[in-house]
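Structural features, examined
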Amino acid sequence: MTTKPYDIIAPLVDDSAYRIDQDFNAIFEAVNAISDDIVVKNGDSVLLTPGMPVYMDDADGNALVVKRADADSTSTMDAIGLVVSSIAPGELGTARTRGNLTASTTGFNVGDVLYVSTTAGALTATRPTGANIPQRIGTVIKVGTDDGVIRVSIGSASEPVTHALLDAVIHT
């Protein structure tokens, strides 16, 4: 990691660092990133692509059968991870539950906190409200079409107050 003059680097317990630059802009950057992946089977009818949030629908041997997570319904939540590489319907692949994930982050900004969207298999930087279920998924640490990076840190959809407090701290 390269730093600019006057940067302050503060290590965090999740193997990342909180960086504040000379303009007092705060963002997360990975340092010694550790990743946790799980074996999943695509139980959905569509191709699962990198960065899609997925929930566990069933189990099949040593794999969790997953489908696209959607914040509109309790039956399509909690997300358990983000798809690492494309998985065709009925095929095995991996989902990342913690660590850095390379995926498209187009449309987001560095430092954006990401949530499961009300569109199946999508992420949003806008925290779902009302009857929708807010579940924090991670933070954008690099913006890019094919080389964007999300720091995956799956939160529980049953802890919306905690996530709202964390968002307020990060963005103030």
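Residues numbered from 1 in each chain as written. Predicted model: local features only at pLDDT ≥ 70, side-chain atom pairs only at ≥ 80, totals over all residues. Heavy atoms only, no water.

It is worth spelling out the overall build of the protein at this point. Of the regular secondary structure elements, the protein holds 1 helix and 12 strands. Traced from its N-terminal end to its C-terminal end, the protein shows the element sequence β-β-β-β-β-β-β-β-β-β-β-β-α. The 172 residues of the protein split such that 41% are buried. Total accessible area on the protein is roughly 8600 Å²; 54% of this is exposed by carbon and sulfur atoms. (Helix = DSSP H or I, 4+ residues; strand = E, 2+ residues; numbered from the N terminus. Buried < 20%, exposed > 50% of the residue type's maximum accessible area, 1.4 Å probe, protein only. Areas by Shrake-Rupley, 256 points an atom, 1.4 Å probe, with all protein chains shown as cover.)

So, about unusual backbone geometry. The residue after M77, namely D78, is reached through a cis peptide bond having omega -10°. Mapped onto the elements, D78 comes out in the loop between β6 (63-68) and β7 (79-83).

Note on placement: A125 falls in the loop between β10 (123-124) and β11 (136-142). Look past the residues within four positions of A125 in its chain and what remains in contact with it is F108, D112, V113, L114 and Y115. (Contact = heavy atoms within 4.5 Å.)

A69, L82, L114, V116, L123, I137 and I150 are the most contacted members of the largest nonpolar core, which totals 17 residues. At the level of secondary structure, the elements contributing two or more residues to this core comprise β7, β8 (92-103), β9 (113-116), β11 and β12 (148-153). If near-sequence neighbours (up to four positions away) are discounted, L123 is found in contact with G51, P53, L82, F108, L114, Y115, S117, I137 and I150. Counting residues in each nonpolar core, the second largest holds 8 residues, with L48, V66, V83 and I87 among its members. (Core = buried A, V, L, I, M, F, W, Y, C linked by side-chain atoms within 4.5 Å.)

Here we come to the environment of T74. You can see T74 is positioned in the loop between β6 and β7. Spatially, the C-alpha atoms of T74 and N132 are 8.7 Å apart, while their sequence positions differ by 58 residues.

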